[in-house]
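What the coordinates show
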Amino acid sequence: MSWFDSAMHRALLEAALVGAMGGVVGVFVVVRRLSFFTMALTHATFPGIVIAALLGINLFLGGGVFGLIIVAGVVVLGRGRGQDFTAATGVALAGGFALGVVLISAQAGFTKDLTAYTVGDILTVDTFDLATTAAVTCVVLLTLAMLGKELLLRAFDPDGAAAAGLPVALLDLALLALVEMAVVATVPALGAILTLALLVGPAATARLLSDRLALLFPLAAAIGVACGLAGIWISMVADVAAGASIALLVGAVFAVALLLRRGVRRPRRSTALSGAD
């Protein structure tokens, strides 16, 4: 029997892929403060999911295509005079989700099950889903490797990036498109509701553990993979939902890292105060 014939093996590979991709992409999400944008994407792509369901095509392909349209719209709105990026994201979130609801309500008797999109189920991913995730992971990681320096310069010194002649708008569009690809690839495993945990949690945890930018990417990827694999194991042992187990584990690891960070800082403050006295 092939390794890919086992649902458990496919789930483990899927968890490793989305964990690594989510960790690396999450570093850019955290440093650019795109957590709200990432959450908005999981909801704003809903019309694409509905349209795909009505047409009988792959749900996540529909969500991905519509998500890219949303990304382009956010970039255009956010760069307009007097416009705020967060406000543009909020408009896209509300408008996209509302359009999905309208499309559903306009279809009499439409009962297509979309729960896989909202909550996900990593234990039901098939070989096609796994191949798609692997392809998306390769594209995302290779693109970030090629544009990493420019994207980081744009994140930490936007004026310097513009002065250096970098195409700032195209860099923004590229990063947001990569985030969208990561969202769509992760949704089958964790669902739209829990995807944010894997795209923000590992990177946020890595930032608590290290101040060195070069270490954030491998550390966040390792945390994402570890939480993904451990979450599946917990779900099998405790007979609970795998996606929720992964998300809860990500949150628990972040909480432990936060406590450790505060615990390390507190003695230093006490020493400084006693020395001042």
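Look up a bit, the structure's there.
Before going into details, it helps to say that this report is about the structure given with it. (Residues numbered from 1 in each chain as written. Predicted model: local features only at pLDDT ≥ 70, side-chain atom pairs only at ≥ 80, totals over all residues. Heavy atoms only, no water.)

**Considerations on the packing of helix α7 (residues 127-156) against helix α9 (residues 168-209)**
Rules: The axes are straight lines fitted to the C-alpha atoms, using for helices just the contacting stretch, and the angles between their N-to-C directions are given from 0 to 180°. Numbering of helices and strands runs from the N terminus, with a helix taken as a DSSP run of H or I at least four residues long and a strand as a DSSP run of E at least two residues long. We call two directions roughly parallel when the angle between them is under 35 degrees, roughly antiparallel when it is over 145, roughly perpendicular when it lies between 65 and 115, and oblique otherwise. By convention the crossing between two helices is left-handed if the near helix lies anticlockwise of the far one by an angle smaller than a right angle, and right-handed if it lies clockwise. It only takes one pair of heavy atoms within 4.5 Å for two residues to be counted as in contact. Amino acids are sorted into nonpolar (Ala, Val, Leu, Ile, Met, Phe, Trp, Tyr, Cys and Pro), charged (Asp, Glu, Lys and Arg) and polar (every other residue, Gly among them).
The N-to-C vectors of α7 and α9 enclose an angle of 150°; their axes lie 10 Å apart at closest approach. On the basis of their axis angle, the class for α7 and α9 is roughly antiparallel. Every pair of crossing elements has a handedness; the one defined by α7 and α9 is left-handed. Only Val-168, Leu-171, Asp-172, Ala-174, Leu-175, Leu-178, Met-181 and Ala-185 of α9 make contact with α7, whose side of the interface consists of Thr-133, Val-136, Val-139, Val-140, Thr-143, Leu-144, Leu-147, Glu-150, Leu-151 and Arg-154. The class makeup of the residues in the contact of α7 with α9 is 13 nonpolar, two polar and three charged.

**With respect to the nonpolar core**
The nonpolar side chains of a soluble globular protein tend to be buried, and buried together. Quick note on the threshold: What is meant by a nonpolar core is a set of buried Ala, Val, Leu, Ile, Met, Phe, Trp, Tyr and Cys residues, joined one to another through side-chain atoms within 4.5 Å. Residue exposure (1.4 Å probe, protein chains only): buried if accessible area is under 20% of the type maximum, exposed if over 50%, otherwise partly exposed.
Grouped together as the largest cluster of nonpolar side chains are 60 residues, with contacts concentrated most on Val-25, Phe-37, Ile-122, Leu-144 and Val-179. Ranked by residues supplied to this core, first place goes to α9 with 18 residues.

**Structural notes on the pattern of salt bridges**
The test is simple: Put simply, a salt bridge is a Lys or Arg side-chain nitrogen that is within 4 Å of an Asp or Glu carboxyl oxygen.
All told, the structure shown has three salt bridges when counted by the stated rule. A salt bridge links Asp-172 to Arg-32; its shortest N-O distance comes to 3.3 Å. Of the two residues, Asp-172 sits in helix α9 while Arg-32 sits in the loop between α1 (7-31) and α2 (35-44), which places them 140 residues apart along the sequence. Here Asp-172 falls in the buried class, since its relative accessible area comes to 10%.

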